[in-house]
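Close look at the chain arrangement
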Amino acid sequence: GRGDDEPYRVASLAPRVGKVIRKYRKGAGLSQEALADSSGLHRTYISLVERGQRNLSVGALAQIAEALGTYPSRLLAEAEGDASSGATPPHRPRA
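Reference entry: report on the structure contained in this document. (Residues numbered from 1 in each chain as written. Predicted model: local features only at pLDDT ≥ 70, side-chain atom pairs only at ≥ 80, totals over all residues. Heavy atoms only, no water.)

Inspection of the entire model under this criterion finds three salt bridges. Between Glu-78 and Lys-23 there is a salt bridge, and its shortest N-O distance comes to 2.6 Å. Note that Glu-78 is positioned in helix H5 (residues 72-84) and Lys-23 in helix H1 (residues 6-27), a separation of 55 residues in sequence. Several salt bridges converge on common partners, so that one network encompasses Arg-22, Arg-25 and Glu-50. (Salt bridge = Lys/Arg side-chain N within 4 Å of Asp/Glu carboxyl O. Helix = DSSP H or I, 4+ residues; strand = E, 2+ residues; numbered from the N terminus.)

Attention shifts here to the packing of helix H2 (residues 32-39) against helix H3 (residues 43-50). Between H2 and H3, the least distance of the axes is 8 Å, while the angle of their chain directions is 115°. By the angle between their directions, the pair H2 and H3 is classed as roughly perpendicular. Between H2 and H3 lies a crossing of right-handed hand. Residues Gln-32, Glu-33, Leu-35, Ala-36 and Ser-39 of H2 lie in contact with H3, whose contacting residues are Arg-43, Ile-46, Ser-47 and Glu-50. Taken together, the residues of the contact of H2 with H3 break down into three nonpolar, three polar and three charged. (Axes fitted to C-alpha atoms, helices over the stretch in contact; angles between N-to-C directions. Parallel < 35°, antiparallel > 145°, perpendicular 65-115°, else oblique. Left-handed = near helix turned anticlockwise from the far one by under 90°. Contact = heavy atoms within 4.5 Å. Nonpolar A, V, L, I, M, F, W, Y, C, P; charged D, E, K, R; others polar.)

Quick look at the structure:
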C-alpha cells in the first residue's frame, strides 16, 4: 500500500520535473515560447510546469520530451534522482 509520505512525494515531484524540463530547455537553447511551439503546448502552461505549479499529464510530458529530444522516462528519472539528493528521502522506513 501507500505510505504516509505518499502525498508529499507526489506533490513534490511536479517542481522537480519542472526543474529538469527547464534545465533541458535551457541546454537546448530554447525559450519557453520555442518549446511551447515545438511541443504544441501553450507558453503559459510551460511556464507553470517549469515552476512546479501545474501537474503534467503523461501526454504533455511526452510532447515536451519529444520537443527536447529526449524520453519522458529520462525526465522523470532525473527528477527522482533530484529527490534522492535532497533532505527528504523518497521512502521513509516503516515504524
